[in-house]
Amino acid sequence: MIMNTLEQRPGQSDTAPPSSALVTKAWLSLLLLPVALALAFLIGEGLVSLLGYEVGAGGAPWWVAVVATVPALLVFWVPGVLATHFARAARARGDRRGLFPAGIALAVCTAFTLMNLLAPLLGG
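Residues numbered from 1 in each chain as written. Predicted model: local features only at pLDDT ≥ 70, side-chain atom pairs only at ≥ 80, totals over all residues. Heavy atoms only, no water.

Another point: the packing of helix 2 (residues 32-50) against helix 5 (residues 99-118). Two elements in contact, helix 2 and helix 5, have axes separated by 12 Å at closest approach and are oriented at 20 degrees. Of the possible angle classes, the one that applies to helix 2 and helix 5 is roughly parallel. Seen from above, helix 2 lies across helix 5 with right-handed handedness. Within the contact between the two elements, helix 2 uses Leu-33, Leu-37, Ala-40 and Phe-41 and helix 5 uses Val-108, Cys-109 and Phe-112. Class assignment of the residues belonging to the contact of helix 2 with helix 5 gives a composition of 7 nonpolar, no polar and no charged. (Axes fitted to C-alpha atoms, helices over the stretch in contact; angles between N-to-C directions. Helix = DSSP H or I, 4+ residues; strand = E, 2+ residues; numbered from the N terminus. Parallel < 35°, antiparallel > 145°, perpendicular 65-115°, else oblique. Left-handed = near helix turned anticlockwise from the far one by under 90°. Contact = heavy atoms within 4.5 Å. Nonpolar A, V, L, I, M, F, W, Y, C, P; charged D, E, K, R; others polar.)

So, in structure tokens, the structure goes:
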């Protein structure tokens, strides 16, 4: 009987990308942060304008801020989610190098979210 020396991990297919490609994708996900930032501002300010309020003028009801902020924040989190996805896939293959770009992305996304949520409380 011939023994197969290359054992495949459970859940890993023959067509799965190598862990180094996944780490690269995690780092490349960080390049989407400036794009996501621009889209978040366009979406947030665009929704405020579409609802008939002047951007930055104040006086808009609280629900306008919620309607504009939630979709903008969701768009901004896309690079963080992608970086985390690729980092976790690489880690499942034994490569922990993707955790650093995922940590950067999550820290930036969390800081952006906190700034947007705390701005009304801090008079911004």
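Two side chains carrying opposite charge are able to pair once their charged atoms lie near each other. By the definition in use, this model includes 1 salt bridge. For Arg-97, the salt bridge goes to Asp-95, with nearest N and O atoms at 2.6 Å. (Salt bridge = Lys/Arg side-chain N within 4 Å of Asp/Glu carboxyl O.)

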